[in-house]
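Remarks on the overall topology
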Amino acid sequence: MTELADAPIADPHADGAAGASVSFDVNGTPVSVRRSHPHLLAALREELDITSPKDGCSPSGQCGCCTVLIDGKAVVSCQYDLDKAEGKSIVTLEGVDEAERDAFANAFAACGGLQCGFCIPGIVMRAKAQIDKKGDSLTRAGMAPHLGAHLCRCTGYVKILDAIEAVAHGETFVPALSNEVGGSGAKYEAAPLTLGDRGYIDDIRIPGMLHAALHLTDHARADIESIDTSAARAAPGVEAVFTADDLPGSLRVGLIHKDWPVMIPVGGRTSYAGDVIAVVVADTRDHARAAAVLVDVTYEVHTPNTDARAALSDNAALSVWGTDSNVLSTSAYTRGDAFDAAFEASAFTVHETFHTQRIEHAFLEPESTLAVPSGSGGARTLHVYSGGQGVWDDRNDIAAVLDVDPARITVELVSNGGAFGGKEDMSNQAQAALAAWLLERPVKCTLSREESLRMHAKRHPIELEYWAGCDAEGRLTALKVRGIGDSGAYASVGMKVLERAAGHACGPYRWPSLDIETIAVRTNNLVCGAFRGFGANQAQFAMEGVLDRLAEQVGISGWEMRKRNVIRSGDEWGPGQLMDDGAGGAEVCLDTIKPAYDAAIASGKAVGLGLGLKNSGLGNGFREVSKAVVHFLPAVGDAVGRIEVRHGWTEMGQGVHTVALQVAAQELGVAPERIDVIVDTTRELGFGQTTGSRGTLMAAGSVTEACAAALVGGCEVGVDYEGEYVVDWTQKLGDPSVLNPTIHSAFSYAAQMVVVDPESGAIEKVVAVHDVGKAVNPMLVEGQIEGSVHMGLGYALSEDFPTDPETGFPTNMTLRSLGILRAKDVPEIEVQIVEVPQPRSPFGIKGVGEIGLVPTAPAVAAALHAVDGQWRTSLPMRRRDPD
Ligand code: FES
Ligand code: FES
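Summarised in this report is the structure supplied together with it.

Time to look at the overall build of the chain. Along its length, the chain carries 22 helices and 32 strands. The C-alpha radius of gyration computed for the chain amounts to 27 Å, which stays within 12% of the reference 29 Å derived for 883 residues, consistent with globular compactness. Counting across all 883 residues of the chain, residues that qualify as buried make up 64%. Pairs at least 24 apart in sequence give 79% of the contacts found in the chain among residues at least 6 apart. Within the structure as shown, the chain displays about 28,200 Å² of accessible surface, and the carbon and sulfur contribution to it stands at 50%. For the chain, the centre of its 73 positive side-chain charges and the centre of its 115 negative side-chain charges are spaced 2 Å apart.

As a further point, take the environment of Ser427. With respect to the helices, strands and loops of the structure, Ser427 is situated in the loop between strand E18 (409–413) and helix H13 (429–439). Each C-alpha atom, one on Ser427 and one on Lys159, is 32 Å from the other, the two residues being 268 residues apart in sequence. Here the side chain of Ser427 touches Asn428 through a polar contact of 3.3 Å, side chain to side chain.

Gaps left between atoms are located by rolling a probe of water-molecule size over the structure's atoms. Per the counting criterion, the structure on display carries 13 cavities of 30 Å³ or more. Considering only enclosed or pocket space, the second largest cavity measures out at about 130 Å³ in volume. Taken together, 15 residues make up the lining of the second largest cavity; nearest its centre are Trp260, Pro261, Met426, Ser427 and Gln431. Mapped by element, the contributors of at least two residues to the lining of the second largest cavity are strand E11 (260–261) and H13.

Let us now look at the nonpolar core. Formed by 222 residues in total, the largest nonpolar core has its most connected members in Tyr466 and Leu479. By residue number, the principal contributor to this core is helix H16 (residues 536–554), which donates nine residues. Those residues in contact with Leu479 that lie beyond four places of it in its chain are Phe339, Tyr466, Trp467, Ala468, Ala505, Cys506, Trp511, Ser513, Leu514, Asp515, Ile516 and Met543. In terms of nonpolar packing, the next biggest core, distinct from the first, is built from 33 residues, Ile643, Val656, Ile675 and Trp729 among them.

The residue Arg872 is located in the segment after helix H22 (856–868) in this model. Looking at Arg872, its side chain comes within polar contact range of the main-chain oxygen of Gln870, at 2.9 Å. Residues within four places of Arg872 in sequence aside, it is in contact with Phe354, Phe541, Arg549, Ala861, Leu864, His865 and Met877.

Attention shifts here to the sheet that holds strand E20 (residues 462–470). The five strands lie next to each other as E14-E22-E21-E20-E15, forming an open sheet whose pairing is mixed. Both outer strands of the open sheet, strand E14 (327–336) and strand E15 (348–355), are each paired with one neighbouring strand and no more. Recorded for the sheet is a direction-independent mean angle of 5° between the axes of neighbouring strands. Sheet topology places E15 next to E20; eight bridges connect them, and they run antiparallel.

A word on the sheet that holds strand E27 (residues 643–647). Strand order in the open sheet formed by four strands is E28-E27-E26-E29, and the pairing between neighbours is mixed. Looking at which strands have only one partner, the edges of the open sheet turn out to be strand E28 (675–679) and strand E29 (720–727). In this sheet, adjacent strand axes meet at a mean angle of 20° when their direction is disregarded. Looking at chain direction, E27 and E28 are connected through five bridges and run parallel. From the neighbouring strand, Val645 faces E28, where its bridge partner is Val677. Sheet strands touched by helix H19 (residues 656–668): strand E26 (624–632), E27 and E28. Its angle to E28, the strand with the most contacts, is close to 135°.

Turning to the packing of helix H17 (residues 558–565) against helix H18 (residues 584–602), a few remarks are in order. For the pair H17 and H18, the least separation of the axes is 11 Å and the interaxial angle reads 160°. As judged from the angle between their axes, H17 and H18 are roughly antiparallel. In this structure, H17 crosses over H18, and the sense of that crossing is left-handed. Residues Gly558, Trp559, Arg562 and Lys563 of H17 form the contact with H18, whose own contacting residues are Glu587, Leu590, Asp591, Ile593, Lys594 and Tyr597.

Reading the values: the criteria
Residues numbered from 1 in each chain as written. Chains lettered and ligands numbered in written order. Predicted model: local features only at pLDDT ≥ 70, side-chain atom pairs only at ≥ 80, totals over all residues. Heavy atoms only, no water. Helix = DSSP H or I, 4+ residues; strand = E, 2+ residues; numbered from the N terminus. Rg over C-alpha atoms; globule rule 2.2 N^0.38 Å. Buried < 20%, exposed > 50% of the residue type's maximum accessible area, 1.4 Å probe, protein only. Contact = heavy atoms within 4.5 Å. Areas by Shrake-Rupley, 256 points an atom, 1.4 Å probe, with all protein chains shown as cover. Lys, Arg positive; Asp, Glu negative; His and termini not counted. Charge placed at Lys NZ, Arg CZ, Asp CG, Glu CD. Polar contact = N/O pair within 3.5 Å; in protein donor to acceptor, adjacent residues only side chain to side chain. 1 Å grid on protein atoms, 1.4 Å probe; cavity = no way out; pocket = protein on both sides within 12 Å on 5 of 7 lines; lining within 4 Å. Points joined across faces, edges and corners; volume = space filled by probe spheres on them. Core = buried A, V, L, I, M, F, W, Y, C linked by side-chain atoms within 4.5 Å. Pairing = 2+ DSSP bridges. Axes fitted to C-alpha atoms, helices over the stretch in contact; angles between N-to-C directions. Parallel < 35°, antiparallel > 145°, perpendicular 65-115°, else oblique. Left-handed = near helix turned anticlockwise from the far one by under 90°.

Next up, the structure:
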């Protein structure tokens, strides 16, 4: 039941006798702030409303997003005590000289130095401090070590360093948007993103807004015997505490299965470390978080299932409350000759088991939701600002939780600070919505980094056992794969990830005999779901490893082995899909990388090669729809009328807004500066999640159609010209009645080569050749690939997110402990884009986001094998302690 706050007890954050305030200068203006803020960042953001410093990990000081200048030195403000700030001079991006702001904004826009933008304001402040000190002697090599205090999960740092060096050297740019498909114009909103002026959800302030904080479970598998909220209710500033008893409607939500409880009630059972027990709402975030700790829960603790294989055994206890099996899904198919006979008849065979690790997305912006009610009684509505990847799924689940007509809920997408798949499931949207609905007040809930690490779905650890054969000339004969993925507790899209791993298990190769099965297992580990690559990364690490082992037996190079077996147009692939002309991209990637491959080997380097494919879109029989609207506004005075392009896809740094803009400018023949790109969540323009590399091609398709409608209709002011793009010709994986199922409408392809110094073992260079069908904006595509390679190198070498086998809780709870590569550790990355058009796709687009790191880990493994002769079977390959 709703428990409203009663008489307050002592405020743990009350200002003491030492003085209630601290005084300092901010951007040249003297200010006084409450001493009770936990650090300088909180004072800047929460009291002074200075929001260019972003909060990615406070108070741990490990992401650099909150960097400001204090007496001219770059400092992470979330680690800076307010006491120390007394009398200091503090500069944020808001206070930087206008010409200098322009120089940074123009350089980052022109160089493509940003994607989601969340990390950039902090990096700009660090760069300013270095440029102030070193002037035009600052080089990218000199700057890279100073970025050790910063994380960027999107860019791979390459173009960030380009931009900083350009500013240091006084280069001037006049960045412009592009008016055509294929133009390397600036990213849409590049300047406000660089300067921290384009707000994320946590930057939004609403009068009367309250703050919510969550109380998470202490145990991954435990019965809830009681929940005592009295101490929390009595804590300073607390307005209310809500538990599952307060839910008017559905307890459970979920993208595919409704199995994920919004909160665990008394009498219920927890299933993973991210389960929510209570929501505390208070006047400030600090008060809400302090009070959330005071919620007192009594548990009967049970042993969690933390081993996926053990959870599959017949007598294993059920992992997840409310389910009837630990098998979430099985994806299986066979094709061609009987496997056993084909394997037996092979000249060379390999049998190997590979293990991949759990990975955290580490998007720099922790999840944040703001819910704003309006109206009253039966007319009451709720506007929810969400950074998620699928506003319609969010809306429907929130409506079910509140037990109201979905028409009363609007979920407005706010472009987020990175997602990579990790914001597909709801995190705190339902809890924030519940609190706002019941209190009839705006409520914001922003997760701490620790809560974010525990709550959202991760990349699956998968065990993959491969049996593979080839003939004496290296032509592949037979492949059998058995995969077990630890999907964690709730379904999320785990069954689809393992389905994709099955579909991609054979790589971009021709196989006469296939026998594939993957199982997604429910455990009490962290939930696993969507993450860039979506099962293909894991499968390709194994597949490419097997191919290299076979090549060694045959006595041919890794490149030659791939050349002899690569799929081509007309081939049967995977479960039997007849590949279209787009498949030619795989061989073009191989041929394009050949000169660099030969040259690196000839120079005595240790070289590894990986080839990969990744579907774009959901496929597997799903009907995918994207709509867009073009709307002309009247001229104002002498100014020509602006043009709105409205779509429903999530901008999370990947550039879907820029794609929409360039397509519209080209199709309408107008200047791109006239166009405003708007995510319109007041009508159903999108269909489902922004996932699977489909945003670009589906947004391009629907905007093209909307522009065509506008041109036919005369581009009248005030008319909504709607366009629709539909993919409805795919078929399900594993349906024996369909001989040649088209499980995916499009694939992108990539070959990557890793060059290692054979003496030191250091990775010197990565060459990434990607077939994207059509690069709508080659500069942004290049940036996406550089960022993917950075992520792929981390996946290969150092990233890990293990859980304690005794508890199911993560053992690393800081950003630094994740093993993400810092700027100084990123080798040279050379990107080459090839364009083999995808039939039936707008402009021939294939997509780029997900293929990015599919070939990276196997290429690293092959290069390291070339150094020491050791075959690697597990990721990461060079785990090291956090520095
Ligand atoms: S928010 Fe301060 S370093 Fe991350
Ligand atoms: S642009 Fe750096 S984290 Fe997204």
